Amino acid sequence: MLSAVFIYNQKGEVLISRLYRHDVKRSVADVFRVHVISSPTSVIRSPVTTLGSTSFYHIRYDNLWLCGVTKNNASAALVFEFLYRLLGLGVSYFGRFDEESVKNNFVLIYELLDEVLDFGYPQNIEVDTLKLYVTTESVRSSARGGLQPDAVAGLPHSITMQATGATTWRRNDITYKKNEAFVDVIESVNLIMSAKGTVLRADVQGQIVMRSFLSGMPECKFGLNDKLVLDRDPAAATAAAAAAAAAAAAAAAAGGQGESVEIADCQFHQCVRLGRFDTDRTISFIPPDGEFELMRYRTTENVNLPFKVLPVVRELGRARIEYEVLIKSNFSAKLSATNMAVTIPTPPNATKCRIKVTGSGAGKAKYHPEENAMVWRISRFQGLQELALTAVVDLAPTTKPVPWPRPPIGLDFQVLMFTASGLLVRFLKVFEKSNYQSVKWVRYMTKAGSYEIRI
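Let us look at the structure shown here. Computed from a predicted model, the values in this text were never measured in an experiment.

Thresholds applied
- Residues numbered from 1 in each chain as written.
- Predicted model: local features only at pLDDT ≥ 70, side-chain atom pairs only at ≥ 80, totals over all residues.
- Heavy atoms only, no water.
- Pairing = 2+ DSSP bridges.
- Helix = DSSP H or I, 4+ residues; strand = E, 2+ residues; numbered from the N terminus.
- Axes fitted to C-alpha atoms, helices over the stretch in contact; angles between N-to-C directions.
- Buried < 20%, exposed > 50% of the residue type's maximum accessible area, 1.4 Å probe, protein only.
- Salt bridge = Lys/Arg side-chain N within 4 Å of Asp/Glu carboxyl O.

1. Concerning the sheet that holds strand E15 (residues 290–299)
- On the basis of which strands lie adjacent, the open sheet formed by 9 strands has the order E13-E15-E11-E10-E25-E23-E18-E21-E20 and mixed pairing. Both edges of this open sheet fall to strand E13 (264–268) and strand E20 (364–368), since each of them pairs with a single strand only. Ignoring which end each strand starts from, the neighbouring axes of this sheet average 15° apart.
- Note that strand E18 (residues 336–345) and strand E23 (residues 409–416) share 5 bridges and pair antiparallel. The residue bridging Thr338 from the neighbouring strand is Gln414, located in E23.

2. Quick notes on the pairing of strand E4 (residues 54–61)
- Within E4, 6 of the 8 residues are buried, leaving the element largely enclosed by the surrounding structure.
- Alignment of strand E3 (residues 48–51) against E4, held across 4 bridges, turns out to be antiparallel. When the sheet's bridge partners are listed, Thr50 is paired in E4 with Ser55.
- Linking E3 to E4, which pair antiparallel, is a turn of 2 residues; within it Gly52 sits at a positive phi near 70°.
- Note: E4 against strand E5 (residues 64–70), 7 bridges, orientation antiparallel. Within E5, the residue paired with Ile59 across the bridge is Leu66.
- A loop of 2 residues connects E4 with E5, the two strands running antiparallel in sequence, and Asp62 in this loop sits at a positive phi of about 55°.

3. Looking at unusual backbone geometry
- A positive phi angle, close to 60°, is found at Met417, a residue other than glycine.
- Note that Met417 resides in the loop between E23 and strand E24 (425–431).
- We note that Asn435 has phi near 55°; this positive angle belongs to a residue other than glycine.
- By the element assignment, Asn435 lies in the loop between E24 and strand E25 (439–453).

4. Things to note about the sheet that holds strand E14 (residues 283–285)
- Taken in spatial order, the 3 strands line up as E14-E12-E24 in an open sheet, and their pairing is antiparallel. Only two strands of the sheet have a single neighbouring strand rather than two, namely E14 and E24. Taking the axes of each pair of neighbouring strands and ignoring which way they run, one obtains an average angle of 15° across the sheet.
- Bridge count between strand E12 (residues 219–224) and E24: 6 bridges; the pairing is antiparallel. Within the sheet, the bridge partner assigned to Gly223 lies in E24 and is Phe427.

5. Thoughts on the pattern of salt bridges
- Following the criterion strictly, the structure yields 18 salt bridges and no others.
- In this structure, the salt-bridge partner of Glu322 is Arg314, at a minimum N-O distance of 3.2 Å.
- Residue Glu322 is classed as partly exposed on the basis of its relative accessible area of 21%.
- By relative accessible area, Arg314 is classed as partly exposed at 33%.

Honestly, it's all geometry; don't read function into it.
Below is the structure:
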């Protein structure tokens, strides 16, 4: 697969050079520097550059270039996955992955490259596994740029089992005094709405992030109000409705979180047993220690829009434009949106804006000429509330009329304990041979993705 791996700084100097096959020479590093790094940025249109029979797969991070070289017809997705995994490996070991950390840890980087690639083929790139037997002392870069010595301790007796076993992502000797599991359901809602209020596109892209602090080798089972599961099992549907009612009473989880949700485009962490999911839609897994992304999903049906925006924009000749923007929140009054920002576009020749906001806790609005927009910031937007903005924008005279394309209004927000898809965690069960008691926590959050309303 890969014949060589190079790491360059932004000047094109080779910091790390590792050859795995004899079909390329060390001088191939200069070819990449001359044709890619030294070329104008506008010329580099693709992350894959083929010169003759040699292909260079490269990514850029901070002030570094990571490049994989091959003469074969390698899978581009596999090469880039390896390069990004290598990048994450460096961040895990050194705190940061930049020119300074590479120079301070070049011995450790060469050792890691010897472990993760064998004759150019990727091997084990799990951070927890590598830290068991790659125990060279690293110089860790803190967030402030300081250097901290960090000796990575190894456990020789468990190296073989972890490196060759079925669960390379977890050691079997982890112990906690208090066993806890935290689940975050994070959704980004995307919307395109016409000026007449018609929804042109609405979908939700979600991810379930889990933080596991569990002892031993626990077996976890995860249940959602998946439409396919609830249609198959009426008892599960009844239990899901009861769980949703309890959640609504305790945490005011709004948005229809009790109905079944049709989940599409699921992507799972490698710890999930896909065979079980294909058979009975049960998410069964042995979790890695610490934080990890359990799954990603997407829904396009029955999206609960957290906000409804009613804009009215009137152009009064060539000298003035009037705005009336009404925003309504569609979630429970017990919930609230935070860090909300509404971007309302203005013409490029706008000179002055007179803005007024009405409503309880309406926040502040300000004209930003460098962005050609008015930005309305609301620190806290309560559920089932209405806020309004009115503005008069004066325009500078122009020699000839220039049509205004009317960019859409954009929203940015976060709403806790609300899911736009209606997804609900029905249960999270933890089984371990010592039968210890564990505490589980579930939190929901919906934030704006591309939330746009045309005017």
